[in-house]
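# Structural overview
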Amino acid sequence: MAAKTLNSILSSSALLLGGLLWLLPAAPAHADPLQDQQDFRQHYRQLFPELTLPDYAEGVYAIDPIARQSWQAIEEFPPYEAAIEQGEALFNTPFKNGRRYADCLPDKGIAIAHEYPRWDRAKGEVITLARAVNDCRVDNREAPLPYEKGDMASLLAYLAFTSRGKPITITIPADDPRALAAYQKGKDFYYQRRGQLNFACATCHVQNAGRQLRSEILSPSLGHTSHWPTYRLKWGEMGTLHRRFRECLAQIKARPIPAQSPEFRNLEYFLSFMSNGIPTNGPGTRK
Amino acid sequence: MNIRLIVPSLLLLSCTGMTGIPEQRLDEGRQIAFDRNKGNCLACHVIEDGEAPGNIGPALSAIPSRFKDKRQLREQIWDATRFNPETSMPPFGRNNVLDAEEIDKVVDYLWSLE
């Protein structure tokens, strides 16, 4: 058992992470993130044998050649460029007390986006990058920003941009069982059916990935966290990952859950861990 | 109406065994099945000439040959999880997506399909 786990860590890190991370937990049988990750990827390998891991960063465009063409045309003059610039300006503007975002965040906030969300031992919860930004504001007596769009989306666009090309690198520290529990909650959420239409997230993005719901091809959830925030043509503006979560929930007529709630942060933790090793390409565009 | 049209359609009625269901009711059933805010069955099924159908479930045609009777078809729509716990099909009756009358109309409509 130990040998097998070690083996999977080695192959996973050699292949996907360039060697690091995921400290070995004394995992109970029901929560083995590395095993989950392998099963998850195996499922998609069977569905889409032609895709390589980095391809999943492109979402549905990796499997929909027609939509891909319009997407590539849009990416030539990316509609998120203004948000990156605005975000950079916001990021470098000092708070009223003279301190800055760079003073709160690891490595002054540059090229860290691919390492979020992370487990915060002191707070005992999953901290997303959006939450870290607002925690910084509140610690410096600034009002928190709304989480779904606007200035928050711009700040995240800039931060994501500084991480472009870096592989998603999510850790679940072995020495704090609460981290594994948070991961497990996120996973359970993903597979739990809910709403009047009785769908789980996994019903559409795992079970039926690649199939068509009306004229919409369903994307695999592998890579779902790689390209945020995103300029969505339907929104006509930038929006955050949790805005998209909320929209998919509304689609299935489920009880609404706010952006950055513990449920959504745990969900992001799970999904991001599944996507470890996929290069981040945020901010993105989607239809 | 032209007599040459009536004869084949009568034949059709008798072989699908649905004599006596008014055209209007079948139309209503079809509308409920197609409407995005009602059954939205086209999200997952090809049905007749319905536009932009999905392909999550099988095409819905030749229904009478696939179900024992209308009651069994009704159960599939009322709560597909009874037949397949892993199904992607929403439980339209159990979760009140459609009411009983609406489901009956959809059943009559589907039963009439070639």
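All figures in this text were calculated on a predicted structure; none of them were measured in a lab. (Residues numbered from 1 in each chain as written. Chains lettered and ligands numbered in written order. Predicted model: local features only at pLDDT ≥ 70, side-chain atom pairs only at ≥ 80, totals over all residues. Heavy atoms only, no water.)

### Let's talk about the overall build of chain A
When helices and strands are counted, chain A shows eleven helices and seven strands. Buried residues in chain A amount to 54% of all 287 residues. Relative to all contacts within chain A whose residues are 6 or more apart in sequence, the contacts with residues 24 or more apart total 70%. A total of about 13,100 Å² of accessible surface is found on chain A, and carbon and sulfur atoms cover 55% of it. (Helix = DSSP H or I, 4+ residues; strand = E, 2+ residues; numbered from the N terminus. Buried < 20%, exposed > 50% of the residue type's maximum accessible area, 1.4 Å probe, protein only. Contact = heavy atoms within 4.5 Å. Areas by Shrake-Rupley, 256 points an atom, 1.4 Å probe, with all protein chains shown as cover.)

### With respect to the packing of helix H2 (residues 33-47) of chain A against helix H8 (residues 177-191) of chain A
Residue and element names in this part refer to chain A. Interaxial distance between H2 and H8 falls to 11 Å at its minimum, and their mutual angle equals 30 degrees. With respect to their mutual orientation, H2 and H8 come out roughly parallel. Residues Pro 33, Asp 36 and Phe 40 of H2 form the contact with H8, whose participating residues are Leu 180, Tyr 183, Lys 187 and Tyr 191. (Axes fitted to C-alpha atoms, helices over the stretch in contact; angles between N-to-C directions. Parallel < 35°, antiparallel > 145°, perpendicular 65-115°, else oblique.)

### Observations regarding the packing of aromatic side chains
All names here are of chain A. Inspection of every chain in the model, using the stated rule, returns 15 aromatic pairs over all chains. On the numbers, 6.1 Å between centres and 55 degrees between planes, the contact of Tyr 44 with Tyr 56 is tilted. Note that Tyr 44 is positioned in helix H2 and Tyr 56 in the loop between H2 and helix H3 (65-75), a separation of twelve residues in sequence. Of the two residues, Tyr 44 and Tyr 56, neither departs from the other in class, the shared state being buried. Pairing Tyr 190 with Phe 270 gives two aromatic rings, centres 5.8 Å apart and planes at 50 degrees, and the pair type is tilted. (Phe/Tyr/Trp six-rings, centres within 6.5 Å; stacked < 30°, edge-to-face > 60°.)

### Here's the deal with the pattern of salt bridges
All names here are of chain A. Applying the stated criterion across every chain yields a total of 29 salt bridges over all chains. Between Lys 187 and Asp 36 there is a salt bridge; the shortest N-O distance is 3.2 Å. A residue pair is termed long-range when its members are at least 10 positions apart, and Lys 187 in helix H8 and Asp 36 in helix H2 qualify at 151 residues. According to the relative accessible area criterion, Asp 36 is buried, its value standing at 13%. Linking Arg 121 and Asp 175 is a salt bridge whose minimum nitrogen-to-oxygen distance equals 3.2 Å. Of this pair, Arg 121 sits in the loop between strand S1 (118-120) and strand S2 (125-127) while Asp 175 sits in the loop between helix H7 (151-161) and H8; the two residues are 54 residues apart in sequence, bridging distant segments of the chain. Beyond isolated ion pairs, a larger network of salt bridges with shared partners links Asp 120, Lys 123, Glu 125, Arg 131, Asp 135 and Arg 265. (Salt bridge = Lys/Arg side-chain N within 4 Å of Asp/Glu carboxyl O.)

### Things to note about the packing of H8(A) against helix H11 (residues 262-274) of chain A
A pair of packed helices is characterised by two quantities: the angle between their axes and the separation of those axes. Residue and element names in this part refer to chain A. Contact geometry of H8 with H11 gives a least axis separation of 7 Å together with a crossing angle of 90 degrees. Taken together, the axes of H8 and H11 are roughly perpendicular relative to one another. Residues Ala 179, Ala 182, Tyr 183, Lys 185, Gly 186, Lys 187, Phe 189, Tyr 190 and Tyr 191 of H8 touch H11, and the partners they reach there are Glu 263, Phe 264, Asn 266, Leu 267, Tyr 269, Phe 270, Leu 271, Phe 273 and Met 274. Of the residues contributing to the contact of H8 with H11, the split by class is 13 nonpolar, two polar and three charged. (Nonpolar A, V, L, I, M, F, W, Y, C, P; charged D, E, K, R; others polar.)

### Looking at unusual backbone geometry
Where the residue is not glycine, phi is negative for most of them; where a peptide bond is considered, it is trans in most cases. A cis amide bond links Trp228(A) with the next residue in sequence, Pro229(A), at an omega value of -5 degrees. Topologically, Pro229(A) is positioned in the loop between strand S4 (216-217) and strand S5 (230-232). Gly282(A) connects to Pro283(A) through a cis peptide bond whose omega is -10 degrees. Turning to its location among the elements, Pro283(A) is positioned in the loop between H11 and strand S7 (284-286). With phi around 45 degrees, Ala52(B) is a residue other than glycine that occupies positive phi space. Ala52(B) sits in the partly exposed class, given a relative accessible area of 36%.

### Considerations on the confidence of the model for chain A
Residue-level pLDDT values for chain A average 91, and 90% of them are 70 or greater. Note on residues 1-29 of chain A: pLDDT is under 50 here. Beyond four places in sequence and across chains, it has 38 contacts. (pLDDT = per-residue confidence, 0-100.)

### Quick look at the sheet that holds strand S6 (residues 237-239) of chain A
As a general point, the strands of a sheet are linked pairwise by backbone hydrogen bonds and lie either parallel or antiparallel. Residues and elements named next belong to chain A. In spatial order, the strands read S6-S5-S7; together these three strands make up an open sheet with mixed pairing. One side of each edge strand has no neighbouring strand; the edge strands of this open sheet are S6 and S7. Here the strands of the sheet are splayed against their neighbours by 35 degrees on average, with no regard to which way each runs. The pairing of S5 with S6 spans three bridges and is classified as antiparallel. Bridge pairing in S6 places Arg 232 opposite Glu 237. (Pairing = 2+ DSSP bridges.)

### Description of the side chain of Ser88(B)
Mapped onto the fold, Ser88(B) is located in the loop between helix H3 (70-78) and helix H4 (100-111). A distance of 2.8 Å separates the side chain of Ser88(B) from the side chain of Asn208(A), its partner in a polar contact. In contact with Ser88(B), not counting residues within four places along its chain, are Phe199(A), Thr203(A), Gln207(A), Asn208(A) and Ile56(B). (Polar contact = N/O pair within 3.5 Å; in protein donor to acceptor, adjacent residues only side chain to side chain.)

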